[in-house]
Amino acid sequence: MHRLTDAPALHSGLERIDYRTTPEYYIDTEQITDPVVLHLLSRCPTVFGLKKAVAELLAGNLDVPLPEATGTIEPGATVRGPVIVAPGAVIAEGAFVTGPVLVCPGAVIEAGARVRDNTVVGPGCQIGFGAEVTRSLLTGGVFMKHTSFVGDSVLGLAVNIGAFVSTTGLRVTSGPVVEPATEEVCAHLDGRRVATGQTKFGAVIGDGVIVPAGTVLQPATLIGARTLLYPKTQVGGFFPAGSQGR
């Protein structure tokens, strides 16, 4: 359950973990009904471990059963690699999906959308024309109905991504961009750097957040649940749950 306190807490593993970096700060796990998504959230002490957990899940390295691939892939959809379309999920004609990807029950990947590379699309998500998702966890009910990009990120329940929104997962402050990336991306809390353990990390967007059209999220942006974001070209840093930010 969400807590609006910003106070750090002790994790059961006796390692001090700031509560603002835990999945529970951003996502009300009591509202998660999908067992696979719930397992991912419960196994990671911080949100920074979720990307790796998704990759391990889709590689079959976690002891959790995946749903049967009995959902609908419409004729004319382009599906490559290991893609699991759960019962009640749809990959529509004209969509592009490149695995490993899990599309959970009730999710719809619409014509012109692109989903790829170690992504879990949670129950009831709608990914529309021109929207692209990669290396991310969408926990459920996410709306990306317009041209937009989400990569290396975690989106909570009922997040709404406006048109031309983009996450950025790589800092470009130390010379030419190289692939694969080698420099760790850090988040910032209370003026201090917090290691993510990732060379690419986009954003964590909590339950119910609406990201206004045209917004670019800087690397390792952390947005607490029910935060109200006003329109702005670039957004970065940490936004406490229930706050208002520009």
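Coordinates for the structure precede this section.
Okay, so let's go over this structure. (Residues numbered from 1 in each chain as written. Predicted model: local features only at pLDDT ≥ 70, side-chain atom pairs only at ≥ 80, totals over all residues. Heavy atoms only, no water.)

1. What to know about the side chain of Thr221
- Within the fold, Thr221 resides in strand 25 (residues 221–223).
- Residue Thr221 is classed as buried on the basis of its relative accessible area of 0%.
- Apart from the residues lying within four places of it in its own chain, the contact partners of Thr221 are Gly202, Ala203, Val204, Val235, Gly236, Gly237 and Phe239. (Helix = DSSP H or I, 4+ residues; strand = E, 2+ residues; numbered from the N terminus. Buried < 20%, exposed > 50% of the residue type's maximum accessible area, 1.4 Å probe, protein only. Contact = heavy atoms within 4.5 Å.)

2. Quick notes on the nonpolar core
- Formed by 36 residues in total, the largest nonpolar core has its most connected members in Tyr26, Leu40, Leu50, Leu57, Val120, Leu137 and Leu222.
- Among the elements that make up this core, the one with the highest residue count is helix 3 (residues 50–58) (five residues).
- Other than its neighbours up to four places away in sequence, Leu137 contacts Leu40, Leu41, Leu50, Val54, Val120, Ser153, Val154 and Leu155.
- If you look at the next biggest cluster of nonpolar residues, it comprises 35 residues, including Val85, Val142, Leu217 and Ile223. (Core = buried A, V, L, I, M, F, W, Y, C linked by side-chain atoms within 4.5 Å.)

3. Overview of unusual backbone geometry
- Following Gly99, the chain continues into Pro100 via a peptide bond in cis, with omega recorded as 5°.
- Locating Pro100 in the fold gives a position in the loop between strand 7 (96–98) and strand 8 (101–103).
- Despite not being glycine, Asp152 shows a phi value in the positive range, around 55°.
- Examined against the element boundaries, Asp152 turns out to sit in the loop between strand 16 (148–151) and strand 17 (154–157).
- Residues other than glycine seldom take positive phi values, yet Arg226 does so here, at roughly 60°.
- Take Arg226: it is sitting in the loop between strand 25 and strand 26 (228–229).

4. Some remarks on the packing of aromatic side chains
- A complete count under the given rule lists four aromatic pairs for this structure.
- Judged by centre distance (5.8 Å) and plane angle (85°), the ring pair of Tyr19 and Tyr25 falls under edge-to-face.
- For the ring pair Tyr25 and Phe238, a centre distance of 6.1 Å and an interplane angle of 40° mean the geometry is tilted. With a gap of 213 residues between them, Tyr25 in helix 1 (residues 23–26) and Phe238 in strand 28 (residues 238–239) connect regions that are remote in the sequence. Like Phe238, Tyr25 is buried.
- Taken together through their ring pairs, the aromatic side chains of Tyr19, Tyr25, Tyr26 and Phe238 make up a single cluster.
- Sitting above the plane of the Phe238 ring, Arg20 keeps its charged end 5.4 Å from the centroid.
- Sitting over the ring of Phe96, Arg114 keeps its end group 4.7 Å from the ring centre. (Phe/Tyr/Trp six-rings, centres within 6.5 Å; stacked < 30°, edge-to-face > 60°. Lys NZ or Arg CZ within 6 Å of the ring centre and 35° of its normal.)

5. What to know about the pattern of salt bridges
- Tallying each qualifying case throughout the model produces eight salt bridges.
- Across the pair Asp18 and Arg20 runs a salt bridge, and its minimum N-O distance is 2.6 Å.
- By relative accessible area, Asp18 is classed as buried at 8%.
- Asp117 serves as the salt-bridge partner of Arg116, at 2.8 Å between the closest nitrogen and oxygen. (Salt bridge = Lys/Arg side-chain N within 4 Å of Asp/Glu carboxyl O.)

6. Re the side chain of Gln198
- Looking at the element boundaries, Gln198 is found in strand 21 (residues 192–198).
- A relative accessible area of 14% means that Gln198 is categorised as buried.
- In terms of polar contacts, Gln198 uses its side chain to reach the backbone carbonyl oxygen of Phe48, at 3.0 Å. (Polar contact = N/O pair within 3.5 Å; in protein donor to acceptor, adjacent residues only side chain to side chain.)

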